[in-house]
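# Observations on chain architecture
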Amino acid sequence: MSLSKDLLFLIRQFCHEEKLQKTAHMLEQETGFFFDMNYLEELVINGKWDEAETYISGFTAVEDNQYSVKMYFEIRKQKFFEALDKDDVALAVDILLKDLKIFAPSNAELYKEMTLLLTMDDFRNHHSLSSYGDAISARRQIMDEIRLLVEANPHFHRKLESPQIENSRLRRLINQSLNWQHIQCTYPQSEPQIQTLFFDHKCSGEPKGQNPLPSQALSASLTTLSGKSIVCPSESRIYVGTHSLGHHTNPVTMEGVKGSGNASQISRSTLLHKMVPQRSIPMQRQHLKFRLPADFPNTVERCMDMNSSPSSMDFHPAKDSTLLVGNCIGDVEVWDISSEVKLFGNAFMIWNREAISMLLLNDLDKDPHMSVNRVLWSPDGSVFGVAYSKNIVQLYSYHVNANYAEKQLEIDAHVGAVNDLAFSLPHHQLLVITCGDDMSIRVWDTKSGSKHYTFEGHSAPVYSICPHVKEDIHLLLSTSTNGEIKAWLFENMGARVAYDAPGNSCMRMAYGADGKRLFSCGTNKDGESFMVEWNETEGYITRFYHGLSKPSAGVVQFSTSRNQFLVAGDEHLIKVWDMDNAQVLNVVDADGGLPETPYVCFNKQGSLLATFADENKIKILANDVGCQLLQKSKFKSFDSTGYLSESLQKLGIGPSPTSPGVTVQDKSVPMEAKMKPQVPLELSKALNSQKCSKILQVSFCKSLRLPSEVKTNKICRLAYTNACNGILALAADGIHLLWRWLENEFNFFQATTNHAPQSLQPRKAFLMINDLADNNFESISPCFALSKNDSYLLSASGKMVSLFNTMTFKRMRSCLRSPPAASCMAFYPPDNNIAAIGMDDSTIVIYNLRRNEAINKLNGHSKRITGLAFSTTLKVLVSSGVDTQIIVWDFNTWEKKQSTSLQISNGWSPSKTSETAVQFHQDQKHFLAVHETQLAIYETTSLRRVNQWMIGDFCARISYATLSCDDQLVYVVMRDGIVMILAASDLSPRFELDPSVYLPPTLSCCVHPTVVAAHPQKPNQFALGLTDGGVVVIDPPEPKRTWTSFS
């Protein structure tokens, strides 16, 4: 078969890599082999209509089929509208006569309507164009339609997907060809001069001395853009890169080249003037002079999905197949890697708020995001520690035989991030050592939490610590981000030794297994990495290890094994050194898919090597001993209930025979191999809930982030329109955002994740904005209510209450000047001219909006009103407040009927953001009460509590919750960003969604949801308001259709 199409794709890739984008798109257009939808979108969004038509014309003509006609018409129609919007009548007439005339015969009436638009002052006055917003929003809408038309058009079939091609594939093929040509040379030179690609390469002249065979010739790597020339392994190959990964025989340096006068010649031989990234080539690895020993773990045996991006890991010192993992959203997990089962998992939360500084509590209330900086086992594996990105260190006791964990100690250790932790055993007393951004090192008792020592002296944040015992003397090495290294004695508060890291690099230090040799590895601010061996006594470097790249994207991490190997994650590879040899021994690519500087970690025996991989994965590499260990452990993993904590056994919870989680499967692994039984190990001290249900971690869903040109901050309130075709959001800065899905051939006025809605922002950016309170808006309670016909919006953000027309975005009226400020509101069902407005002075005002007057004031609460809900069946209003009271009012007489209080755990005290919300079931006889510590369902007439779910201590507090439209599910947003889905019948947690499931990696670590809204007609769809001002709509994956199908 012809490979011409493959060659076109390679040429296209080369053009993009050389920043020749215009050339690449001309190639696409002229050959028609690939249609770049992203390029078309860029042209449409930027209003480059002629270029967009020219590009499309390479694939289809306007008269080819109905899809092509519609596509060209939409582009030219938008071009016409924008000319009218700019009041450029001459251009609009020209477009009408030249571009749109071709469509007149098939739709004469439409052409006449467009002609009439020329006579209007504003074409938006036409009834069909009243919702037309600004040009950018319209272009996005047009692009959504064009995308669907392109996908349906047969002229574009098999032209929309580009094959997966490794980077610089064309260069690599050329290099392989040159390498083959060089091997065929009769007299291969050690420094081949590649002057051109127009002719085959051939070394000329005879070498001095004996002629080697071509297969034994030593060939030099081609000089890279940096000017470095490195000699490759003795097996002949030409390789473009900054370093050779084999044995360096007679290395050639730039200094030597300059001295010989050959620098200019070698620089001209740079192939294609661009470096090709290094990678290990399996077919050539067997010919490297230094082969990996058979006992080095280099075979990928496991690839585990972590759901969230891992940030630190550590193998158990005694149980070689047990791996401790921390991630970027604050979760800590213990995994049995043989069976790929998560034995224990816990999201971050404060265990004892009274022992935590108010500064940290206030910070967490504003931004609860927390990531794990370091996890580590104690020397005997009975305790593990977790260092977080804000102040906190938490210790868990781990019962090895019973295989469960429980909370042991929480320490408010530092001001700012805790960058590292370590354990030490002076005088047979287990201590935990921490270091942080406050430039200090502190030593704590792991039982009582008392502080034993504080070491100060670094002039920058302390990055890592390394305890050591020498001749029964316990000492501590520490490094800071500016490259300072200090040594401390526990009995001496001052630094005993101080010296600088190579290149002032930010690095970690580690001893070999016998504790006699000290190594370090790190990277400085210029991206230059160093791995060295130290003479710890004298403080000088005894060996530099070569082969790390420059520059590096992050701090290079390393690990040691059995007094023999050093490994470092660099250039998407695992590089391996023998401790006694400065040159790279070999490289391992772990079947590809590694990040640029992957985290690496050996188990104690050195039989397993764990490394971070792309897409939130951890790969486990093993040698023969490790493979046997994994198989042996796999068969023993679930032959008893030993993996269950004692408290779970008492409750009768046993191992589940089915999969409790849904994960995105690795294509290379059969699905049944991934569906392992998972036994969750909850904290035995944290099972305060009366229900122990199996919580399934959902790892895939359909999501759509709604487009918006308006920059706002945190979304505080969110609601679907009653017509189900729109979403309304209120941000903390008082700005309202409104989206509507328009009717077309692909959608029928329904909110959907299949395509984006139109962001309704009126012309000249007349936004609906509330008046803000003079004080900090962080302390106010923004609120709104939408009328039944979606035409009117009542809203407040700490100052006056505003009534907006959602069709025109105009403010119709303002009322109820603060103080007191409105804190919640609801329209009165029998008459939308009346609203109940809860105030922050604990009163409820019944207000007639038409007459602009208060008709009643209800008193009964003692603190801010935060929830209001009407029942038309029972003719009552239910109110709730920060005082945790729930009151039922007769909405005909406005008299108080009865009241109750939520059952709150001892020690709870309200914060500025504390709320209690209420929402009626469809039966209008039961309602859901939402408090930051619990959910509860009440029967309205008797205020009898039917069901309750207390969060206890095992998860973060509740931020917001709402019922699904069929009352079968409760969608709950936790303050740590987790979304939980509960069964409404018994309020049992059923499903859990991490932000990484519905947000891209760049956002999931720093953005989390604050509020949730349920679709009025689709019980499985909900929307989330985010801390960055965004809104995302979420559906179950298409094959599933419902959340309950996951179970």
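Residues numbered from 1 in each chain as written. Predicted model: local features only at pLDDT ≥ 70, side-chain atom pairs only at ≥ 80, totals over all residues. Heavy atoms only, no water.

## Let's talk about the pattern of salt bridges
- Applying the stated rule across the entire model yields 38 salt bridges.
- Note that E53 and R76 form a salt bridge whose closest N and O atoms lie 2.8 Å from each other. Here E53, found in helix α4 (residues 49-57), pairs with R76, found in helix α5 (residues 66-85); they are 23 residues apart in sequence, far enough to count as distant.
- Judged by its relative accessible area of 12%, R76 falls in the buried class.
- For K342, the salt bridge identified is with E333, shortest N-O distance 3.6 Å.
- Here E333 falls in the buried class, since its relative accessible area comes to 6%.
- One continuous salt-bridge network, built from bridges that share partners, spans R517, E533, R543 and D580. (Salt bridge = Lys/Arg side-chain N within 4 Å of Asp/Glu carboxyl O. Helix = DSSP H or I, 4+ residues; strand = E, 2+ residues; numbered from the N terminus. Buried < 20%, exposed > 50% of the residue type's maximum accessible area, 1.4 Å probe, protein only.)

## Focus: the sheet that holds strand β38 (residues 810-815)
- A sheet is described by the order of its strands in space; here 4 strands give the open sequence β35-β36-β37-β38, paired in antiparallel fashion. Each end of this open sheet is capped by a strand with a single partner; those strands are β35 (783-786) and β38. Direction aside, neighbouring strands of the sheet carry axes that sit 20° apart on average.
- Pairing geometry for strand β37 (residues 801-805) and β38, over 5 bridges, is antiparallel. Bridge assignment links S802 to a residue of β38, and that residue is S814. (Pairing = 2+ DSSP bridges. Axes fitted to C-alpha atoms, helices over the stretch in contact; angles between N-to-C directions.)

## Concerning the environment of D438
- Position of D438 among the secondary structure elements: in the loop between β11 (431-436) and β12 (440-445).
- A relative accessible area of 21% means that D438 is categorised as partly exposed.
- Measuring from C-alpha to C-alpha, the distance between D438 and N391 comes to 9.6 Å, with 47 residues separating the pair along the chain.
- Not counting residues within four places of it along the chain, the set of residues in contact with D438 comprises H414 and V415. (Contact = heavy atoms within 4.5 Å.)

## Concerning unusual backbone geometry
- In the segment running from S818 into P819, the intervening peptide bond is cis, with an omega of -5°.
- Its location among the elements puts P819 in the loop between β38 and β39 (822-827).
- In this model, P819 is joined to P820 through a cis peptide bond whose omega is -5°.
- In this structure, P820 sits in the loop between β38 and β39.
- Phi at N852 is positive, roughly 60°, even though this residue is not glycine.
- If you trace the backbone, N852 turns up in the loop between β41 (844-848) and β42 (853-858).
- Its identity is not glycine, yet W894 carries a phi of approximately 60°, on the positive side.

## Brief notes about the confidence of the model for the protein
- Averaged over the protein, the pLDDT score is 80; the fraction of residues at 70 or greater is 81%.
- This stretch, residues 207-289, has a pLDDT under 50; its non-local contacts, to residues over four places away or in other chains, come to 171 contacts.
- Note on residues 635-693: pLDDT is under 50 here. Beyond four places in sequence and across chains, it has 114 contacts. (pLDDT = per-residue confidence, 0-100.)

## Here we look at the packing of aromatic side chains
- Overall, the coordinates contain 37 aromatic pairs when judged by the stated rule.
- By way of ring pairs, the aromatic residues F344, W351, W377, F384, Y396 and Y398 are connected into one cluster.
- Over the ring of Y463 we find R508, and its NZ or CZ is 4.8 Å from the ring centre. (Phe/Tyr/Trp six-rings, centres within 6.5 Å; stacked < 30°, edge-to-face > 60°. Lys NZ or Arg CZ within 6 Å of the ring centre and 35° of its normal.)

## Quick word on the nonpolar core
- Core analysis: the biggest nonpolar cluster contains 39 residues, and F35, L40, I56, F80, F81, L100 and I146 have the highest contact counts within it.
- Looking at this core, the elements with two or more residues in it are α3 (37-45), α4, α5, α6 (89-98), α7 (108-116) and α8 (135-152).
- Top element by residues in this core is α5. It accounts for 8 residues.
- Excluding its chain neighbours within four sequence positions, the residues that come into contact with I56 are F35, L40, M71, Y72, I75 and F156.
- Counting 26 residues, the second largest nonpolar core, distinct from the first, contains V383, V393, L409 and V432. (Core = buried A, V, L, I, M, F, W, Y, C linked by side-chain atoms within 4.5 Å.)

## Overview of the sheet that holds β41
- In space, the 4 strands of this open sheet follow the order β39-β40-β41-β42, with antiparallel pairing throughout. Strand pairing shows two members of the sheet lacking a second neighbour, β39 and β42, which therefore form its edges. With direction set aside, neighbouring strand axes in the sheet form an average angle of 25°.
- As paired strands, β39 and strand β40 (residues 834-839) are joined by 5 bridges and run antiparallel to one another. By the bridge assignment, C824 is partnered in β40 with G838.

## Focus on the side chain of R171
- Residue position: R171 is located in helix α9 (residues 169-183).
- A polar contact of 2.2 Å, which involves the side chain of R171, links it to the side chain of E18. (Polar contact = N/O pair within 3.5 Å; in protein donor to acceptor, adjacent residues only side chain to side chain.)

## What about the environment of L772?
- Its place among the elements puts L772 in the loop between β34 (758-759) and β35.
- A relative accessible area of 28% places L772 in the partly exposed class.
- Aside from chain neighbours lying at most four places away, what touches L772 is A732, D733, G734, S797 and K799.

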